[in-house]
Structure formats: C-alpha cells, structure tokens
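# Chain and residue survey
Below are the chains, spelled out letter by letter.
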Amino acid sequence: MPALSLLFDLDGTLTDPFAGIAGSMRHALSAMGRKPPPPQEMRRFIGPPLQSTFLELFGEDDLAAQALGHYRQRYGEVGKFENELIPGIIDMLQAVTDAGHRLFVATSKLETYSVDIIDHFGLARFFRSVNGSMLDGTRADKGDLIRHILDTENLDPRRTVMIGDRLHDVRGAARNKVPAVGVLWGFGDREELENAGAARIASSPDELPALVVDAAGDVSP
C-alpha cells in the first residue's frame, strides 16, 4: 500500500498531560472563586477545546474567557511540561516513519504550546508540521483543524488517517471523510470511540502501524 499521511492528536495520544492540565484547571477555577472538582472528574476535561469546557462550566462567554486566561497563565509557564511521554510512542513513531508514512500533529491545544511539547520530548524529527489552535480559538474545533491540515499540506483524505483518544478526533475526521483510529491509553474509552465511528481501535502503540493501514484500506478509492 502507498504511503499514508497520519494525523496524531497530542494529549492522551502521544503524551499523558494529566498533571499539567489538572493543575492548571485547579488554578483557573480557584482564581474564579470555584471549588475544583476531585482529580478523577478532571479527566473528562482533557480532549475537548478549553473554550468549550470553560463555557460549559461558567455559562457566560466573558467568564469563560477570564477562566481561560488564568488557565493559560499557569499552563504556559509550568503546566505544559508537567507531562509524560506515553510508553512505546517513540518506537511506534519510528516504525510508521520507516514505513514511509508522513506524520503531522493535529491537536486542539494551542499551537505554540504544542510545538514546545513536541520539542521538549524530542519528537520534532518525526513530524512534517505541528498544527493546533490559535489564541482567538481558531482551529480549536478538530474538524476545522483537520480541514486546515488537508488544505495547507495538500493531503488526500482517502490517504490520510487521524489517530486520537477522544470522540472529537473521530468525529472531526469523519467531517472531512478521513478514517480514524482510536487509542485506548488516553482519556476516552472503547465505547466512546466506537460510538463516534472509529474505523479501528488500538490497545497499545505497537498495534498502530498495522491498524492505520487497515483503516485506510477501508476507504473506497
């Protein structure tokens, strides 16, 4: 099979960002006079765009924007590096690179933070580009982000696969007629990914090289 273009989510797919995101969420909520929820409840906030999360929590655009500012203040200074590389990710990235596939990062996280994290973990050598959201919220929606990458990189959706751990990755890919492979080591579960329409689901990083080829093979030429 010819080489594919692989779009990788960042949080929960390449790295485990829980400590940094949870700590920055606690900081933002406390600054807004809210009691932070228990740590286990914060897991659901990882994946969706933060603008949507804070709007859900506060119900008003102005309050959500204030909370987002508090979050970014802490996350940009220390939170982005309170992060761990998923075991097996480097071997997987090397394997798909050796197979001739082209790799791109596709994350709703701010693009500036994402570049810093990819560089911090020494992953830049694997990726053609790192793509994320802008400060004004542009491209925070995963479907919009994937369309941006397809257009700017001139990718064929039929030869492209999205890899991610949440329903937003799968649904965003579907909006662009791109198959998606869900991963189970992040913040979503099998039911969420299957219900969203994932073409394949990986239990561990070493399964991905074969599964992305299978997923692309399901797409009619």
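Cut-offs and rules
Residues numbered from 1 in each chain as written. Predicted model: local features only at pLDDT ≥ 70, side-chain atom pairs only at ≥ 80, totals over all residues. Heavy atoms only, no water. Helix = DSSP H or I, 4+ residues; strand = E, 2+ residues; numbered from the N terminus. Rg over C-alpha atoms; globule rule 2.2 N^0.38 Å. Buried < 20%, exposed > 50% of the residue type's maximum accessible area, 1.4 Å probe, protein only. Pairing = 2+ DSSP bridges. Right-handed = clockwise from strand over helix to strand, strands pointing away. Polar contact = N/O pair within 3.5 Å; in protein donor to acceptor, adjacent residues only side chain to side chain. Contact = heavy atoms within 4.5 Å. Axes fitted to C-alpha atoms, helices over the stretch in contact; angles between N-to-C directions. Parallel < 35°, antiparallel > 145°, perpendicular 65-115°, else oblique. Left-handed = near helix turned anticlockwise from the far one by under 90°. Nonpolar A, V, L, I, M, F, W, Y, C, P; charged D, E, K, R; others polar. Salt bridge = Lys/Arg side-chain N within 4 Å of Asp/Glu carboxyl O.

It is worth spelling out the overall build of the protein chain at this point. Scanning the protein chain from N- to C-terminus turns up 10 helices and 8 strands. A compact globule built from 221 residues would reach a C-alpha radius of gyration of about 17 Å, and the protein chain, at 17 Å, matches this within 12%. With the principal axes as the frame, the protein chain shows a C-alpha extent of 55 × 30 × 30 Å. Buried residues in the protein chain amount to 50% of all 221 residues.

So, about the pairing of strand S6 (residues 160-164). Of all 5 residues making up S6, 5 are buried, and the element is well covered by its neighbours. Here S6 shows no split at all, with Thr160, Met162 and Gly164 on one side and Val161 and Ile163 on the other all buried. Pairing of strand S1 (residues 5-8) with S6, which is carried by 4 bridges, proceeds in the parallel orientation. Bridge pairing in S6 links Leu6 to Val161. The β-α-β motif built from S6, the intervening helix H8 (residues 167-175) and the parallel element strand S7 (residues 180-183) has right-handed crossover chirality.

Tracing the chain through its elements places Ser129 in strand S5 (residues 129-133). Of the polar contacts made by the side chain of Ser129, one reaches the side chain of Asn131; its length is 3.0 Å. Each residue touching Ser129, except ones within four places of it in the same chain, is listed here: Leu103, Phe104, Val105 and Glu153.

Glancing now at the sheet that holds S5. The 6 strands are arranged S5-S4-S1-S6-S7-S8 in an open sheet whose pairing can be described as parallel. The open sheet has two edge strands with one neighbour each: S5 and strand S8 (200-202). In this sheet, neighbouring strand axes are inclined to one another by 25° on average, regardless of whether the strands run parallel or antiparallel. Note that strand S4 (residues 102-110) and S5 share 4 bridges and pair parallel. For Leu110, the partnering residue across the bridge sits in S5 and is Ser133. Set on the sheet, helix H6 (residues 111-120) makes contact with S4 and S5; between it and S4 the angle comes to about 130°.

Two elements in contact, helix H7 (residues 142-152) and H8, have axes whose closest approach is 8 Å; the angle formed by their N-to-C orientations is 50°. With respect to each other, H7 and H8 are oriented oblique. Crossing angle aside, the handedness with which H7 passes H8 is right-handed. Here Lys142, Gly143, Asp144 and Ile146 of H7 come into contact with H8, specifically with His168, Asp169, Gly172, Ala173 and Arg175. Residue composition of the contact of H7 with H8, by class: 2 nonpolar, 3 polar and 4 charged.

Turning next to the pattern of salt bridges. Counted according to the given criterion, the structure contains 14 salt bridges. Of the charged contacts in the structure, one is a salt bridge between Asp169 and Lys142, with a shortest N-O distance of 2.3 Å. With Asp169 in helix H8 and Lys142 in helix H7, this residue pair connects regions lying 27 residues apart in the sequence. Across this residue pair, the class does not change: Asp169 and Lys142 are buried. Across the salt bridge formed by Arg158 and Asp156, the nearest N and O atoms sit 3.2 Å from each other. Take Asp156: its relative accessible area is 29%, and that puts it in the partly exposed class.

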